[in-house]
Amino acid sequence: MKIARIEDLHCDAGWRTFSFLKVTTDEGLIGWSEYTEGDGSRALTPVIHAMAEALIGMDPRPVQAITSLLYIRHQQAANGMNFRAIAAIENALLDIKGKALGVPVYELFGGPIRTSFPVYWSHCGTYRVRNHEDVGTPQARTYDDIAALGAEVKALGYKGLKTNILDFDGEKLVGFGPGAGRTPGWPELNVDRRTLDSVRNTLAAFRDGAGPEMDLYLDVNYHFKTEGLLKVAKAVEPYDLTWLEFDTWDPQALALIRSRAPCPIASSESVNGRRGYRPFLNAYASDVVIVDVLWNGFLESMKVASMAEAYEVNVAPHNYYGHLATAISAHFCAITPNFRIMEVDVDSVKWRDELFFNIPKIENGNLALPTGPGWGVEVNEAAVRARAPK
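Procedures and definitions
Residues numbered from 1 in each chain as written. Predicted model: local features only at pLDDT ≥ 70, side-chain atom pairs only at ≥ 80, totals over all residues. Heavy atoms only, no water. Helix = DSSP H or I, 4+ residues; strand = E, 2+ residues; numbered from the N terminus. Rg over C-alpha atoms; globule rule 2.2 N^0.38 Å. Buried < 20%, exposed > 50% of the residue type's maximum accessible area, 1.4 Å probe, protein only. Contact = heavy atoms within 4.5 Å. Areas by Shrake-Rupley, 256 points an atom, 1.4 Å probe, with all protein chains shown as cover. 1 Å grid on protein atoms, 1.4 Å probe; cavity = no way out; pocket = protein on both sides within 12 Å on 5 of 7 lines; lining within 4 Å. Points joined across faces, edges and corners; volume = space filled by probe spheres on them. Nonpolar A, V, L, I, M, F, W, Y, C, P; charged D, E, K, R; others polar. Pairing = 2+ DSSP bridges. Axes fitted to C-alpha atoms, helices over the stretch in contact; angles between N-to-C directions. Phe/Tyr/Trp six-rings, centres within 6.5 Å; stacked < 30°, edge-to-face > 60°. Lys NZ or Arg CZ within 6 Å of the ring centre and 35° of its normal. Arc of directions from axis to C-beta. Core = buried A, V, L, I, M, F, W, Y, C linked by side-chain atoms within 4.5 Å. Salt bridge = Lys/Arg side-chain N within 4 Å of Asp/Glu carboxyl O.

Caption draft 1: Structural context of the overall build of the chain. Within the chain, the regular secondary structure consists of 14 helices and 17 strands. Taking 2.2 N^0.38 as the reference for a compact globule, 390 residues should give roughly 21 Å; the C-alpha atoms of the chain span a radius of gyration of 20 Å, in line with that estimate. Across its three principal directions, the C-alpha atoms of the chain cover 60 × 45 × 40 Å. Across the 390 residues of the chain, 57% fall into the buried class. Of all intrachain contacts in the chain linking residues separated by at least 6 positions in sequence, the fraction that spans at least 24 positions is 73%. For the chain, the accessible surface area stands at approximately 15,800 Å², while carbon and sulfur atoms represent 50% of it.

Right, dumping it as structure tokens:
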């Protein structure tokens, strides 16, 4: 078996683009992976092709050997875009490997520890505030609307939801994104009293609507520096968070905030590889380590999880993409002993389900592990091509 062709496909997903890598063998087997060109990965596609074209004619099944070769060839600039490109290739090759053997990917690694596991509803409220037309729901304009959404999440059987800071501009709720340059406040990233009020109002609304038994998570991303994060941590105390999530590139700053926070801290979704995670683990910087399986690759994500287990830390996948990405993360959750919980975007563009076959099932807040060969989820190529970005 040899790699014969490598293609990329892209699909309009409303406020973003879903991207897929398709690797075809000379025997007709197709391996799929999902990746993103958002969040620091603009122009990732040509990087993937620059690496992958050298693999044409190679046997795709010795996946670790290929991943190691790609890493060695690019180790002078091994992180960031190069790491994410390797991850996309690796994940597609694992799909081929599983299909060639007629087994799910998780069976290649000793089989599943669990076949069903809890998920939380991510970006809850965020998309309905800023992207409601693409989602196909009424716009969430007030904190009363957020409380109603909390009640909806509970009624659907979810046990946890994660939101972001939702600010009220005097007329309606709006998003908050200085850490991504989307709203004012960059590059200084200071926190003010209005922002802290928005934190409190957002969490109070969800707590009122979802009730005291709902696990609440708040993700403030890269929006603040250490001083501001300490203030945010203090502000969330009355709302009994399951975790406060944010990102910083300073392990000691993260450890300091963890030592003073009234709730568990989750972080590190943007970190690449064991070498990147090591200083955060050595600093005992967070209670939960976030790992993006699309950005790290499945094999490296397993190794990061094993490292974290040696520090008695559980891991949770960063997953806010399409259904193929959810399946890839689900395989990771299935075989990882120190698993905490899985992230999913329940709200998405209203045509997302059309883009995939064998969509993972979620019932009462638990995801059922796919059972088909490879990742167990296939890309509907015709539907994706029909919605190619203009």
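There's plenty left to go through after this.
Caption draft 2: Quick peek at empty space enclosed by the protein. As enumerated under the stated definition, the model contains two cavities of 30 Å³ or more in all. As a volume, the largest cavity reaches approximately 70 Å³. Considering the residues around the largest cavity, the lining is formed by Ser 268, Tyr 277, Phe 280, Leu 281, Tyr 284, Ala 285, Ser 286, Val 289 and Val 313. Here the lining of the largest cavity gets three residues from one element, more than from any other, and that element is helix H10 (residues 273-282). Here the lining of the largest cavity is built from residues that sort into seven nonpolar, two polar and no charged. Its boundaries defined by the atoms lining it, the second largest cavity holds a volume of some 30 Å³. Every residue lining the second largest cavity is listed: Tyr 222, Asp 247, Thr 248, Trp 249, Ser 267, Ser 268, Glu 269, Ser 270, Val 271 and Phe 280. Tallied by class, residues from the lining of the second largest cavity come to four nonpolar, four polar and two charged.

Caption draft 3: Layout of the sheet that holds strand E1 (residues 3-12). Spatially, three strands are ordered E1-E2-E3 in an open sheet, and the strand pairing comes out antiparallel. Either end of the sheet is taken by a strand with one partner, and the two such strands are E1 and strand E3 (30-35). The average angle at which neighbouring strand axes cross in this sheet is 20 degrees, direction not considered. Sheet analysis places strand E2 (residues 17-25) next to E3, joined by six bridges and oriented antiparallel. Counterpart to Val 23 in the pairing with E3 is Gly 31.

Caption draft 4: Expanded view of the packing of aromatic side chains. Applying the stated criterion across every chain yields a total of 15 aromatic pairs. The interplanar angle of 45 degrees and the centroid separation of 4.6 Å between the aromatic rings of Trp 15 and Tyr 127 together place this pair among those described as tilted. Linking Trp 15 in the loop between E1 and E2 with Tyr 127 in helix H4 (residues 126-130), this pair joins segments that are 112 residues apart in sequence. When its relative accessible area of 25% is taken as the criterion, Trp 15 is described as partly exposed. Using a relative accessible area of 1% as the deciding quantity, one classes Tyr 127 as buried. Taking 5.7 Å as the distance between ring centres and 70 degrees as the angle between the ring planes, the aromatic pair formed by Phe 20 and Phe 356 counts as edge-to-face. A residue pair is termed long-range when its members are at least 10 positions apart, and Phe 20 in strand E2 and Phe 356 in strand E14 (residues 356-357) qualify at 336 residues. For the pair Phe 20 and Phe 356, one class covers both residues: buried. Ring pairing ties together the aromatic residues Phe 109, Phe 298 and Trp 375, which thus form one cluster. The aromatic ring of Trp 295 is capped on one face by Arg 84, whose charged end is 3.7 Å from the ring centroid.

Caption draft 5: Seen up close, helix H2 (residues 63-73). Of all the positions in H2, only Val 63, Ile 66, Thr 67 and Leu 70 are classed as buried. An end-on view of H2 places all buried positions within 100 degrees of arc, on one side of the element. Those residues of H2 that are buried are in contact with helix H1 (44-52), helix H3 (81-101) and helix H12 (298-310).

Caption draft 6: Region of interest: the nonpolar core. Among the nonpolar cores identified, the biggest contains 118 residues, and Leu 21, Ile 89, Leu 161, Leu 244, Phe 298, Leu 324 and Met 342 are the most heavily contacted of them. The leading source of residues in this core is helix H13 (residues 323-335), at nine residues. Not counting the four nearest positions on each side in its chain, Phe 298 is found in contact with Glu 90, Asn 91, Leu 94, Val 105, Phe 109, Val 293, Ile 328, His 331, Phe 332, Ile 335 and Trp 375. Counting residues in each nonpolar core, the second largest holds eight residues, with Tyr 120, Ala 266, Ala 316 and Ile 341 among its members.

Caption draft 7: Structural view of the pattern of salt bridges. Overall, the coordinates contain 21 salt bridges when judged by the stated rule. Notably, a salt bridge pairs Glu 7 with Arg 385, separated by 3.6 Å at the nearest N-O pair. Separated by 378 residues along the polypeptide, Glu 7 in strand E1 and Arg 385 in helix H14 (residues 381-386) bring together distant segments of the chain. Salt-bridge contacts for Arg 258 lead to Asp 287; the nearest nitrogen and oxygen are separated by 2.9 Å.

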